[in-house]
Amino acid sequence: MKLITFTSKGIYCPQGKFYIDPWRPVDMAVITHGHGDHARWGMKKYLCHHYTKPILHQRIGTDIECQSVEYGEEVNINGVKLSMHPAGHIIGSAQIRLEYKGYVSVISGDYKVQDDGLSTPFELVRCNEFVTESTFGLPIYNWLEIEDLNKKLQSWVLRNQENGRTSVFIGYSLGKAQRIMKAVEGLGKIYTHYSIGKLNEAFETVGITLPDYEIADFRENAKQLQNEIVIVPPALLDSNVIKKIPNAATAICSGWMQVRGARRWRSADAGFAMSDHADWNGLLQAVKATEAEIVHVTHGQTEVFSKYLNEIGIKSDVVETLFGEDEEETEKEIIESPEE
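It should be emphasised that the depicted structure is a prediction, and the values quoted were computed from it without experimental measurement.

**Q** How do you make sense of the packing of aromatic side chains when you look at a structure like this?
**A** Considering all chains together, one arrives at 14 aromatic pairs under this definition. A centroid spacing of 4.8 Å and a plane angle of 65° characterise the contact between Phe-136 and Tyr-141, whose relative ring orientation is edge-to-face. In this structure Tyr-141 comes out as buried when scored by relative accessible area, which is 4%. Ring centres of Phe-136 and Trp-256 lie 4.6 Å apart, and the angle between their planes is 50°; on these two criteria the pair is classed as tilted. Of this pair, Phe-136 sits in the loop between strand E11 (129-134) and helix H2 (146-162) while Trp-256 is found in the loop between strand E16 (248-253) and strand E17 (270-272), placing the two residues 120 residues apart along the sequence.

**Q** Explain the pairing of strand E18 (residues 294-300) here, please?
**A** Side-chain direction in a regular strand flips from residue to residue, so the side chains alternate between the two faces of the sheet. Along E18, six of the seven residues are buried, which leaves the element largely enclosed by surrounding structure. Here E11 pairs with E18 via five bridges, running parallel. For Ser-134, the partnering residue across the bridge sits in E18 and is Gly-300. A crossover links E18 with its parallel partner strand E19 (residues 316-318), the connecting element being helix H7 (residues 302-311), and its sense is right-handed.

**Q** Explanation requested: the state of the cysteines in the structure shown.
**A** One covalent bond between the sulfur atoms of two cysteine residues makes up a disulfide. Going through the model one piece at a time under the given rule, you end up with zero disulfides. Cys-48 takes part in no disulfide bond, and the closest cysteine sulfur, belonging to Cys-66, lies 3.6 Å away.

**Q** Honestly, the packing of helix H6 (residues 280-290) against H7 in this entry has me stumped. Any pointers?
**A** Between two packed helices, the angle of one axis relative to the other and the distance separating the axes together describe the packing. In contact at an axis separation of 12 Å, H6 and H7 are set at 50° when each is read in the N-to-C sense. Accordingly, the angle class assigned to the pair H6 and H7 is oblique. Considering how the two elements wind past one another, H6 and H7 form a crossing that is right-handed. Between H6, through Trp-280, Leu-283, Leu-284 and Val-287, and H7, the contact on the second element is made entirely by Phe-305, Tyr-308 and Leu-309.

**Q** Help me understand the confidence of the model for the protein chain in this model?
**A** Low-confidence regions, as indicated by low pLDDT, have predicted coordinates that should not be scrutinised in detail. For the protein chain, the average pLDDT comes to 92, and 93% of its residues sit at 70 or higher. Predicted confidence is poor over residues 328-340, with pLDDT under 50, and the contacts of this stretch with residues over four places away or in other chains come to 38 contacts.

**Q** I tried to follow the packing of H2 against helix H3 (residues 176-183) on my own but got confused; where do I start?
**A** Where H2 meets H3, the closest approach of the two axes is 9 Å, and the angle between their N-to-C directions is 75°. On the basis of their axis angle, the class for H2 and H3 is roughly perpendicular. Residues Ile-146, Leu-149, Asn-150, Leu-153 and Gln-154 of H2 lie in contact with H3, whose contacting residues are Arg-179, Ile-180 and Ala-183.

**Q** Explain the pattern of salt bridges to me, please; I cannot follow it from the model alone.
**A** Pairing is possible between side chains of opposite charge, provided their charged atoms come close. For the structure shown, the criterion picks out ten salt bridges. Asp-27 is the salt-bridge partner of Lys-44, the closest N and O atoms lying 3.4 Å from each other. With Lys-44 in the loop between strand E4 (28-30) and strand E5 (45-49) and Asp-27 in the loop between strand E3 (18-20) and E4, the pair connects residues that are 17 residues apart, well separated along the chain. Given a relative accessible area of 59%, Lys-44 falls into the exposed group. A salt bridge links Asp-116 to Lys-112; the nearest nitrogen and oxygen atoms lie 2.8 Å apart.

**Q** Would you take a moment to explain helix H4 (residues 194-204) for this structure?
**A** Side chains three or four residues apart in an α-helix point the same way, a direct result of the helix having 3.6 residues per turn. Within H4, burial applies to Ile-196, Gly-197, Leu-199, Asn-200, Ala-202 and Phe-203. Looking at the packing, one finds that the buried side of H4 touches helix H1 (53-59), H3, strand E13 (190-192), strand E14 (214-215) and strand E15 (229-232).

**Q** Help me understand H2 in this model?
**A** Between the first and last C-alpha of H2 there are 25 Å, a value that for 17 residues agrees with the 24 Å anticipated at 1.5 Å per step. Listed in full, the buried residues belonging to H2 are Ile-146, Leu-149, Asn-150, Leu-153, Trp-156, Val-157 and Asn-160. Angular distribution of buried residues about the axis of H2 spans 120°; they occupy a single face of the element. H2 presents Glu-147 and Glu-162 as exposed residues on the side facing more than 90 degrees away from its buried surface. Looking at the buried positions of H2, the neighbouring elements they touch are strand E12 (166-170), H3, E15, E16 and E17.

**Q** It is not clear to me how the sheet that holds strand E10 (residues 103-107) should be interpreted in this structure. Could you clarify?
**A** With respect to topology, seven strands assemble into an open sheet ordered E7-E8-E9-E10-E11-E18-E19, the strand pairing being mixed. On the outer flanks of this sheet lie strand E7 (75-77) and E19, each paired with one strand and no other. Averaged over all pairs of adjacent strands, the angle between strand axes in this sheet comes to 25°, irrespective of strand direction. Bridge count between E18 and E19: three bridges; the pairing is parallel. Bridging from a neighbouring strand, Val-297 pairs with Val-318 of E19. Lying on the sheet, H6 is in contact with E11 and E18; it crosses E11 at an angle near 175°. Taken strand by strand, H7 contacts E11, E18 and E19, and its axis lies near 160° from that of E18.

**Q** Teacher, can you tell me more about the sheet that holds strand E1 (residues 5-6) here?
**A** Through backbone hydrogen bonds, the strands of a sheet pair up, either in parallel or in antiparallel fashion. What the six strands build is an open sheet, ordered E1-E2-E3-E4-E5-E6; its pairing is mixed. Whereas interior strands pair on both sides, the edge strands pair on one side only; in this sheet they are E1 and strand E6 (66-69). Inspection of the sheet shows E3 paired to E4 by two bridges, in the parallel sense. Residue pairing for E4: Ile-20 is matched across the bridge by Val-30.

**Q** Where do I start with the nonpolar core in this structure?
**A** Among soluble globular proteins, nonpolar side chains are generally buried collectively. Counting 31 residues, the largest nonpolar core has Leu-153, Trp-156, Phe-169, Val-184, Ile-231 and Phe-272 as its most contacted members. Ignoring sequence-local partners within four residues, the contact set of Val-184 consists of Leu-153, Val-157, Phe-169, Ile-190 and Ile-229. Membership of the second largest hydrophobic core comes to 25 residues, among which are Leu-3, Met-28, Ala-94 and Tyr-103.

Conventions used here
Residues numbered from 1 in each chain as written. Predicted model: local features only at pLDDT ≥ 70, side-chain atom pairs only at ≥ 80, totals over all residues. Heavy atoms only, no water. Phe/Tyr/Trp six-rings, centres within 6.5 Å; stacked < 30°, edge-to-face > 60°. Buried < 20%, exposed > 50% of the residue type's maximum accessible area, 1.4 Å probe, protein only. Helix = DSSP H or I, 4+ residues; strand = E, 2+ residues; numbered from the N terminus. Pairing = 2+ DSSP bridges. Right-handed = clockwise from strand over helix to strand, strands pointing away. Disulfide = S-S within 2.5 Å. Axes fitted to C-alpha atoms, helices over the stretch in contact; angles between N-to-C directions. Parallel < 35°, antiparallel > 145°, perpendicular 65-115°, else oblique. Left-handed = near helix turned anticlockwise from the far one by under 90°. Contact = heavy atoms within 4.5 Å. pLDDT = per-residue confidence, 0-100. Salt bridge = Lys/Arg side-chain N within 4 Å of Asp/Glu carboxyl O. Expected span 1.5 Å × (residues − 1). Arc of directions from axis to C-beta. Core = buried A, V, L, I, M, F, W, Y, C linked by side-chain atoms within 4.5 Å.

So this is what it looks like as structure tokens:
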């Protein structure tokens, strides 16, 4: 049985007549999470998790037709049973479970199996067919435990404060920024860029509590930021905004920091391997636990990861998609661009 097909518009369920994370306009789009490569403008109708709905309103528009559901809540669409299950990627991220005549397909979107203490933890969903990412699908990618990583961020902030420096974290506005806020909570006043603040406000509308913060106004005198904590998106690395911050020490928070030395960080002072995607072992753990008969690898280190799955007896193929053009991939391009 084919419950999903891969088309020029995106992942399609022909029985249900809807798409999952389509990249071209369609009538019905089921959205795994709010990152721009998975949630795009132009769909007639959207279906997502409750926590993702305000993000879509923030990023796409308040006039969209959008239905939201809770994790585990079943929706019947043209005879297909659809439910959403935690993906652990960012707040509100979901795996999409489809069932039709006893056959189950799961489209995981982006996910991580580590519990970051902020997103709803990843939930294993057994299925016949599994769609997985492979952003960090190489054995060299192995993340620290969340607690150990957070301690590294905290130690860096405390050291900066002792040396009269302002801790400036560079992390993706949706997902990474909120994790950084939680990791350094209580170490000083937290200031965020406007773009991060707007997304924080969207989360707060659905009852999610984040650490206290203020939106920094970089147009005014930035002296108030001295010795405090500032979080900005990757696009501002090496920008005039950073240069306005007094005695700034900058740190890039990205999974790509696992293998890149300080000389590749351009003007950054530090780098932390923080990712909202599964590492090599996390990907294998998730795929094996689904017990899927076929695994489709959609973006990232697709060829390597799919080949390895086949070698260990898990039937797999590579599917071309337009995922990965945002988020970690954007960070990677910024980090790797030549010095000016």
